[in-house]
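Listed here are the chains, written in short residue letters.
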Amino acid sequence: MKNLIIQGENIGGLNYLLNHGFKEAIDLIYVDPPFATGSDFLVSEGRTSTVSNSKSGRVAYTDKVTGNAFIKDIRERMILAKELLSARGSIYLHTDYKIGHYLKVMMDGVFGIDHFRNDITRIKCNPKNFKRTGYGNIKDMILFYSKGDKPIWHEPKEPYSPGDIERLYPKTDRYGRRYTTVPIHAPGEALHPLPFKGNYPPAGRHWRTDVATLEQWDNEGLIEWSPTGNPRKIVYADEKEGKRIQDIWTFKDPAYPVYPTEKNADLLDLIIRTSSNQGSIVLDFYCGSGTTLKAAAQNGRKWIGIDQSEIAIEATKTKMESFRPYRFIDLNKPEASSNTP
């Protein structure tokens, strides 16, 4: 499969993929559609690092569909997206606090409430001092769904901060290594438990592992014995990969984007590494300037981007220049499509 950039209205692009062998072939979809703002988004002429919604400049995209019509439009695309997803596929829908709750209900209907995974809060900017009745908005939201019960999932971790290490690993051994201890028994009573160093698990509990392993840990100095003879497993901070990433993310928008509402590249990197495999196909059918596609390529994934904006396609081609070959398809001029630009 060649990577694809498709120019055209994305309903047409999704149907093109369904009719050309991509049904149930895509492992990950990320989309950042318009947020029903009622605005036009423009790129100011002569200032390529400045993006605004002023009255001057080239229109990058129009966000004039609002209300029920907007929900209906997104739903129509999500139904097609579900057909494209593999059995282990996932979709991330990036939206905001004004429309996101309505989209959540719609997504529950398309993918099933049992396949809702997360409502992720994304901190997008620094606090502002706008004068309005209400609290300042520094976040948007990402709705994460899977198609089935066992999606691709690579547990995401982030490094412990110094404060985390002091709090979670309060002890220090004679070599200066920070550690904590955890019980070596767990809930659930064993019928015939074996003794470990003359000890049995407490009533209603069982050893977490077999006695031979417990004895090995003890021989290696990985069991700490309390003054009353209670054994606990030693866990060192420097042997842990980090802490599990939670559902509040801080990925602030680029200060000088090349395209309106361009998202943080590290955000896409996290999503792609977590919810796809090497060689997976990643799709973004509101691809904008191609940030999703670039993150996919850098992580060894195949990629497909769809957008109808001429400016978006120009920006995507520029961003993906280093990741040839790819196939460019213009749905408005199918006979002019080229295999390698």
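Note that the structure is a prediction, hence the values are computed from the model and not measured.

Student: How should the side chain of threonine 181 be read in this particular structure?
Tutor: Looking at the secondary structure, you find threonine 181 in strand β11 (residues 178-183). The contact partners of threonine 181, leaving out residues within four places of it in the chain, are Lys171, Glu224, Arg232, Lys233 and Ile234.

Student: Even after reading the chapter, I still don't get the packing of aromatic side chains, so can you show me in this structure?
Tutor: A ring pair, where both rings are aromatic, is described by two values, the distance of the centres and the angle of the planes. For the coordinates displayed, the defined rule picks out 11 aromatic pairs. When the ring of tyrosine 92 is compared with that of phenylalanine 144, the centres are 4.3 Å apart and the planes differ by 5 degrees; the resulting orientation is stacked. Linking tyrosine 92 in strand β6 (residues 85-95) with phenylalanine 144 in strand β8 (residues 139-146), this pair joins segments that are 52 residues apart in sequence. The pair formed by tyrosine 92 and phenylalanine 144 is uniform in burial state, with each residue classed as buried. A network of ring pairs unites the aromatic residues Tyr92, Phe144 and Trp153 as a single cluster. Positioned above the aromatic ring of phenylalanine 116, the side-chain terminus of lysine 104 is 4.2 Å from the ring centre. Over the face of the ring belonging to tryptophan 217 we find lysine 233, whose NZ or CZ atom lies 4.9 Å from the ring centre.

Student: Mind showing me how you'd approach the sheet that holds strand β2 (residues 26-31) here?
Tutor: Backbone-to-backbone hydrogen bonds pair the strands of a sheet. The strands run either parallel or antiparallel. The mixed open sheet is built from nine strands, whose spatial order is β17-β7-β8-β6-β2-β18-β19-β1-β20. Edge positions in the open sheet fall to β17 (248-250) and β20 (326-330), since each of these has one partner strand only. Across the sheet, the mean angle separating the axes of adjacent strands is 15 degrees when strand polarity is ignored. With four bridges joining them, strand β1 (residues 3-7) and strand β19 (residues 302-307) adopt parallel strand pairing. Paired with glutamine 7 across the strands is aspartate 307, a residue of β19. Relative to the sheet, helix α2 (residues 67-84) contacts β2, β6 and β18 (281-284), its axis offset from that of β6 by approximately 150 degrees. Lying on the sheet, helix α7 (residues 291-298) is in contact with β2, β18 and β19; it crosses β19 at an angle near 175 degrees.

The rules behind each value
- For every chain, the first residue of the written sequence is number 1, and numbering continues from 1 along that sequence.
- Owing to the predicted nature of the model, reporting of local features is limited to residues with pLDDT of at least 70; listing and counting of side-chain atom pairs is limited to 80 or more, with chain, interface and lining totals taken over all residues.
- For side-chain calculations, the full set of non-hydrogen atoms in the structure is used, while hydrogens and water are omitted.
- Strands here mean DSSP runs of E at least two residues long; helices mean DSSP runs of H or I at least four residues long; both are numbered from the N terminus.
- Residue contacts follow a heavy-atom distance rule, with two residues in contact if any of their heavy atoms lie within 4.5 Å.
- In this analysis, rings of Phe, Tyr and Trp, with Trp reduced to its six-membered ring, are considered paired at centre separations within 6.5 Å, and the interplanar angle assigns stacked below 30 degrees, edge-to-face beyond 60, and tilted for intermediate values.
- Each residue gets one of three labels from its accessible area relative to the maximum for its type: buried under 20%, exposed over 50%, partly exposed in between, using a 1.4 Å probe on protein chains only.
- Geometrically, a lysine NZ or arginine CZ counts as sitting over a ring once it is within 6 Å of the ring centre and also within 35 degrees of the ring normal.
- Any two strands are treated as partners once DSSP identifies two or more bridges connecting them.
- For helices, the fitted line uses only the C-alpha atoms of the stretch in contact; every axis is such a line through C-alpha atoms, and the angle between N-to-C directions lies from 0 to 180 degrees.

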